[in-house]
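Coordinate inspection notes
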Amino acid sequence: RSRTPTTEFSTKIEMIRNVCSTIKTLQHLDVSGNDLQELPLDIALLTDLESLNCSHNQLHEIPDLFEELKYLKDLDLSFNLLKEIVEGGWIPANC
């Protein structure tokens, strides 16, 4: 059974949502190289998250809900379509 790009994208997002809702103590999450155009809001449920790799996707913007990730130390947003990241915004100072 072949998948259309929309179905494949939906499946990737659903998989990330499932991981976020079932493994809330996750400390490292790598969603790189998935052609994601958006990040699911469910990532904010991972309050113990220390490392998040979102590189090599198609992200245009990053939701500000990540201010909930108090332990986040390593955030990789490289190789996306981001135009700017506001300094002093929601990204924790320790990143």
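In every chain, residue numbers begin from 1 and rise along the written sequence. Local features in this predicted model are restricted to residues whose pLDDT is 70 or higher, and side-chain atom pairs enter the listing and the counts only when it is 80 or higher, whereas totals over whole chains, interfaces and linings include all residues. Where side-chain values are given, they derive from all heavy atoms of the structure, hydrogens and water being excluded.

**What to know about the side chain of serine 55**
- Comment: elements are numbered from the N terminus, with helices defined as DSSP H or I runs of at least four residues and strands as E runs of at least two. The topology assignment puts serine 55 in the loop between β2 (51–53) and β3 (74–76).
- If near-sequence neighbours (up to four positions away) are discounted, serine 55 is found in contact with Ser32, Gly33, Asp76, Ser78 and Asn80. In what follows, residue pairs with any heavy atoms lying within 4.5 Å of each other are defined as contacts.

**What to know about the pattern of salt bridges**
- The working definition used for a salt bridge is a side-chain nitrogen of Lys or Arg within 4 Å of a carboxyl oxygen of Asp or Glu. This structure, assessed with the given rule, holds two salt bridges.
- In this structure, glutamate 14 and arginine 17 form a salt bridge, with 3.0 Å as the shortest nitrogen-oxygen distance. On the criterion of helical spacing, the pair formed by glutamate 14 and arginine 17 is a turn pair, its members being three residues apart in helix α1 (residues 5–22).
- Judged by its relative accessible area of 39%, glutamate 14 falls in the partly exposed class. When accessible area is computed with a 1.4 Å probe and restricted to protein chains, residues below 20% of their type maximum are described as buried, those above 50% as exposed, and intermediate ones as partly exposed.

**Topic: unusual backbone geometry**
- Here aspartate 35, not a glycine, exhibits a phi torsion of approximately 55°, which is positive.
- By secondary structure assignment, the location of aspartate 35 is in the loop between β1 (28–30) and β2.
- Here aspartate 35 falls in the partly exposed class, since its relative accessible area comes to 47%.
- Positive phi, close to 55°, is recorded for histidine 56, a residue that is not glycine.
- Mapped onto the secondary structure, histidine 56 falls in the loop between β2 and β3.

**A few points about the environment of leucine 45**
- Following the sequence through the fold, leucine 45 ends up in the loop between β1 and β2.
- Taking relative accessible area as the criterion, leucine 45 reaches 38% and is therefore assigned partly exposed.
- Considered as a pair, leucine 45 and lysine 24 are 21 residues apart in the sequence and their alpha carbons are 6.3 Å apart.
- Sequence-distant contacts of leucine 45, that is, excluding residues within four places in its chain, are made with Cys20, Ser21 and Lys24.

**Topic: the sheet that holds β3**
- Strand order in the open sheet formed by three strands is β1-β2-β3, and the pairing between neighbours is parallel. Each end of this open sheet is capped by a strand with a single partner; those strands are β1 and β3. Neighbour to neighbour, the strand axes of the sheet diverge by 5° on average, direction disregarded.
- Here the rule is simple: two strands pair whenever DSSP picks up at least two bridges between them. Examined bridge by bridge, β1 and β2 share three bridges and lie parallel to one another. Among the inter-strand pairings, aspartate 30 is bridged to a residue of β2, identified as asparagine 53. Only the stretch in contact is used when a helix axis is fitted, and all axes are lines through C-alpha atoms; the angle between N-to-C directions ranges over 0 to 180 degrees.

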